[in-house]
Amino acid sequence: MSAQAVTSAAPVRRRRGVNLEKWGWIFMRVSGVVLVVLIFGHLFVNLMVGEGIHALDFAFIAGKFATPFWQWWDVLMLWLALIHGANGMRTIVNDYVTNSTARKALVWALGLAAGLLIILGTLVVFTFDPCLGVTEDSVLWSECAAIVGN
């Protein structure tokens, strides 16, 4: 009679449902590539095209925010950067914070901060009014009157 070593491992049970960590990992890679394109496009247009850095002033930004293309470009860059950064910070918190209560509080704080900044940034981009608060005795009155048509 020979003794055989029987190794019986318990079957690995996979959790059903969506694997959020996998989708977070994929999001980080995709958003990183898209952010590189958005950021270098932003820098090229702001620093190299036309008069370059010498053209950067309030009127330049107001002109950019007057077109839907640049509004959406900047909002997409804002959203991706904030979500990408918050997801990276969430990963660091999950890796290094051992207390589950502190971990949950920090992850919630990260989510709330990112959400608040996304909302405020989006509002600034889409509700930007270069003539807000400009009165008749202001230096900008002639430019605003030409925009409004008064």
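Details of the structure are given in the entry above.
All figures in this text were calculated on a predicted structure; none of them were measured in a lab. (Residues numbered from 1 in each chain as written. Predicted model: local features only at pLDDT ≥ 70, side-chain atom pairs only at ≥ 80, totals over all residues. Heavy atoms only, no water.)

S.K.: Outline the side chain of Asp 74, listing residues and values.
M.R.: Looking at the element boundaries, Asp 74 is found in helix H3 (residues 68-96). No salt bridge is formed by the buried Asp 74, whose closest oppositely charged neighbour, Lys 64, lies at an N-O distance of 4.3 Å. Look past the residues within four positions of Asp 74 in its chain and what remains in contact with it is His 42, Lys 64 and Phe 65. (Helix = DSSP H or I, 4+ residues; strand = E, 2+ residues; numbered from the N terminus. Buried < 20%, exposed > 50% of the residue type's maximum accessible area, 1.4 Å probe, protein only. Lys, Arg positive; Asp, Glu negative; His and termini not counted. Salt bridge = Lys/Arg side-chain N within 4 Å of Asp/Glu carboxyl O. Contact = heavy atoms within 4.5 Å.)

S.K.: Hey, could you go over the nonpolar core for me, with residue numbers and the actual values?
M.R.: Nonpolar side chains tend toward joint burial in soluble globular proteins. Ranked by size, the top nonpolar core spans six residues in total: Leu 35, Leu 38, Trp 70, Trp 73, Met 77 and Leu 80. Elements supplying a minimum of two residues to this core: helix H1 (20-47) and H3. Leaving out residues up to four positions away in the same chain, Leu 35 has contacts with Met 77, Leu 80, Ala 81 and His 84. (Core = buried A, V, L, I, M, F, W, Y, C linked by side-chain atoms within 4.5 Å.)

S.K.: Describe the environment of Met 28, naming the residues involved and giving the relevant values.
M.R.: With respect to the helices and strands, the residue Met 28 is situated in helix H1. Between the alpha carbons of Met 28 and Leu 80 there is a distance of 9.4 Å; along the sequence they are 52 residues apart. Every residue in contact with Met 28, bar those within four places of it in the chain, is listed here: His 84, Asn 87 and Gly 88.

S.K.: Explain the packing of aromatic side chains residue by residue, including any values.
M.R.: Applying the stated rule across the entire model yields five aromatic pairs. On the basis of an interplanar angle of 75° and a centroid distance of 5.5 Å, the ring pair of Phe 65 and Phe 128 is categorised as edge-to-face. Of this pair, Phe 65 sits in helix H2 (residues 58-65) while Phe 128 sits in the loop between helix H4 (100-127) and helix H5 (141-148), and the two are 63 residues apart along the sequence. Residue class for Phe 128 comes out partly exposed when judged on its relative accessible area of 27%. Among the aromatic side chains, those forming a connected cluster through ring pairs are Phe 69, Trp 70 and Trp 73. (Phe/Tyr/Trp six-rings, centres within 6.5 Å; stacked < 30°, edge-to-face > 60°.)

S.K.: Can you break down the packing of H3 against H4 residue by residue, with the values?
M.R.: Where H3 contacts H4, the axes come no closer than 10 Å and their chain directions differ by 175°. Between H3 and H4, the interaxial angle falls into the category roughly antiparallel. Contacts between H3 and H4 pair Gln 71, Trp 72, Val 75, Leu 78, Trp 79, Leu 82, Ile 83, Ala 86, Met 89, Arg 90, Val 93 and Asn 94 from the former with Arg 103, Leu 106, Val 107, Leu 110, Ala 114, Leu 117, Ile 118, Gly 121, Thr 122, Val 125 and Phe 126 from the latter. (Axes fitted to C-alpha atoms, helices over the stretch in contact; angles between N-to-C directions. Parallel < 35°, antiparallel > 145°, perpendicular 65-115°, else oblique.)

S.K.: I'd like to hear about a nonpolar patch on the surface, residue by residue, with values.
M.R.: A cluster of nonpolar side chains, contributed by Val 36, Ile 39, Phe 40, Leu 43, Phe 44, Leu 47, Met 48, Val 49, Ile 53, Leu 56 and Ile 61, occupies part of the molecular surface with about 990 Å² of accessible area. Mapped onto the secondary structure, Ile 39 falls in helix H1. For Ile 39, a relative accessible area of 36% corresponds to the partly exposed category. (Patch = residues over 30% accessible without salt bridge, like charges linked within 9 Å, V, L, I, M, F, W, Y side chains within 5 Å. Areas by Shrake-Rupley, 256 points an atom, 1.4 Å probe, with all protein chains shown as cover.)

S.K.: Could you give an account of H1, with specific residues and numbers?
M.R.: The terminal C-alpha atoms of H1 lie 38 Å apart, and with 28 residues this matches the ideal 40 Å at 1.5 Å per residue to within 8%. Residues of H1 that are buried include every one of Gly 24, Met 28, Ser 31, Leu 35, Leu 38, Gly 41 and Asn 46, and no others. Residues of H1 that are buried in the fold lie against H2 and H3. For H1, the N-terminal capping position is held by Asn 19, with its side-chain oxygen 3.4 Å away from the main-chain nitrogen of Glu 21. (Expected span 1.5 Å × (residues − 1). Polar contact = N/O pair within 3.5 Å; in protein donor to acceptor, adjacent residues only side chain to side chain.)

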